Amino acid sequence: MSYNYSNHKLVDMLIYRRWHQNAFSASRLYAESFPGRHHPAARRFVYFVGRARETKNLTAMHGGYAGRHRPPRMTHFEEHVLDIVQDNPTIGIRRIAEQVSTSHMAVWKILNENQLYPYHV
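Here the residue index of a chain counts from 1 through its sequence in written order. In keeping with the model being predicted, local features are shown solely for residues with a pLDDT of at least 70 and side-chain atom pairs are shown and tallied solely at 80 or more, while totals for entire chains, interfaces and linings include all residues. In computing side-chain values, all of the structure's heavy atoms are included and hydrogens and water are not.

Novice: For the packing of helix α3 (residues 23-33) against helix α4 (residues 42-55), give the residues involved together with the corresponding values.
Specialist: Each axis is a line fitted through C-alpha atoms, and for a helix only the stretch in contact is used; angles between axes span 0 to 180 degrees, taken between their N-to-C directions. Secondary structure elements are defined from DSSP: runs of H or I of at least 4 residues count as helices, runs of E of at least 2 residues count as strands, and each element is numbered from the N terminus. At a closest axis distance of 8 Å, the pairing of α3 and α4 adopts a crossing angle of 105°. Taken together, the axes of α3 and α4 lie roughly perpendicular to each other. Residues Ala23, Phe24, Ala26, Ser27 and Tyr30 of α3 pack against Ala42, Phe45 and Val46 of α4. Considering only residue class, the contact of α3 with α4 consists of 7 nonpolar, 1 polar and no charged. Between 65 and 115 degrees an angle is taken as roughly perpendicular, under 35 as roughly parallel, over 145 as roughly antiparallel, and anywhere else as oblique. Note on definitions: a residue-residue contact is assigned when non-hydrogen atoms from the two residues lie within 4.5 Å. By the convention adopted, Pro, Cys, Tyr, Trp, Phe, Met, Ile, Leu, Val and Ala count as nonpolar, Lys, Arg, Asp and Glu as charged, and the other residues, Gly among them, as polar.

Now the structure itself:
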């Protein structure tokens, strides 16, 4: 299970540095210092410090293209999907995806960006 830590809690995890990069000792000290909080496993300390060093950011970047350039989407493809929905508003996402040979998530994203929702179309 993934657990999202606030910036405040991530800063508290800098205990890792105080224990000379010993993740197990840092994890134990964190649990002792903050008994009412969720206690991260030792490997989370290693992951967090590596992420902070690499990205210069405490919080995780969410999304498939976090920090990278997103490739442009083909507008004719989007128009084709929207035309199918306009012709048959009761059609399902998976059937549209089958017709245009793409994933159902790509169709869902196009509909969502155009404020169309599969259960309201």
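Novice: How would you sum up the packing of aromatic side chains? Please name residues and give values.
Specialist: Ring pairs are drawn from Phe, Tyr and Trp, using the six-membered ring of Trp, whenever the two centres fall within 6.5 Å, and their geometry is named by plane angle: stacked under 30 degrees, edge-to-face over 60, tilted for the rest. The final tally for this structure, using the stated rule, is 1 aromatic pair. Seen in terms of ring centroids, Tyr30 and Phe34 are 5.0 Å apart; in terms of plane orientation they differ by 50°. Their pairing is tilted. The class for Tyr30 is buried, based on a relative accessible area of 0%. Two conditions define a charge located above a ring, namely a distance within 6 Å from the ring centre to NZ of Lys or CZ of Arg, and an angle within 35 degrees of the ring normal. Taking the ring centre of Phe34 as reference, the NZ or CZ of Arg37 above it sits at 4.1 Å. Think of it in three bands: residues with accessible area under 20% of the maximum for their type are buried, residues over 50% are exposed, and the middle band is partly exposed, with areas taken using a 1.4 Å probe on protein chains only.

Novice: I'd like a rundown of the environment of Gly92, residues and numbers included.
Specialist: For Gly92, the location among the structural elements is in the loop between α5 (75-87) and α6 (93-100). C-alpha of Gly92 to C-alpha of His104: the two residues are 12 residues apart in sequence and 9.4 Å apart in space.

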